[in-house]
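Structural overview for review
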Amino acid sequence: MEKKKMVILLAVVLLILSANIDGVKSDAFDCYDACSTACVNPNTRVMARCDRKCQIRCSPADRVILN
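Reference entry: report on the structure contained in this document.

Regarding the overall build of the protein
Counting its regular elements, the protein contains 3 helices and 0 strands. Start at the N end of the protein and walk to the C end: the helices and strands fall as α-α-α. When burial is assessed residue by residue, the protein has 7% of its 67 residues classed as buried. Summed over its atoms, the accessible surface of the protein is roughly 6,500 Å², and 64% of this surface lies on carbon and sulfur atoms.

Examining helix 3 (residues 44–57)
Counted at 1.5 Å a residue, the expected span for helix 3 with its 14 residues is 20 Å, and the 20 Å between its end C-alpha atoms agrees. At the N-terminal end of helix 3, a side-chain oxygen is found 3.1 Å from the backbone nitrogen of R45, two or three residues along, and the residue is N43.

So, the environment of C31
Considering the arrangement of structural elements, one finds C31 in helix 2 (residues 31–37). Given the relative accessible area of 30%, C31 is considered partly exposed. Along the primary structure C31 and C54 are separated by 23 residues, whereas in three dimensions their C-alpha atoms are 8.2 Å apart.

Conventions we followed
Residues numbered from 1 in each chain as written. Predicted model: local features only at pLDDT ≥ 70, side-chain atom pairs only at ≥ 80, totals over all residues. Heavy atoms only, no water. Helix = DSSP H or I, 4+ residues; strand = E, 2+ residues; numbered from the N terminus. Buried < 20%, exposed > 50% of the residue type's maximum accessible area, 1.4 Å probe, protein only. Areas by Shrake-Rupley, 256 points an atom, 1.4 Å probe, with all protein chains shown as cover. Expected span 1.5 Å × (residues − 1). Polar contact = N/O pair within 3.5 Å; in protein donor to acceptor, adjacent residues only side chain to side chain.

Here is the structure:
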């Protein structure tokens, strides 16, 4: 009986510990990485065009605040 209690206690402790572990967050590192990931295409012309749009969209010039 004592062995069963120990096994149950160990299982509960492992369950509590596993609930507190954070997994890998699946977010893009930056704007360009997120955008260019969606540019996969067998047509190289379309892929280059999409990549250029990502460069424009994610350029630092867009983040300049004009007063």
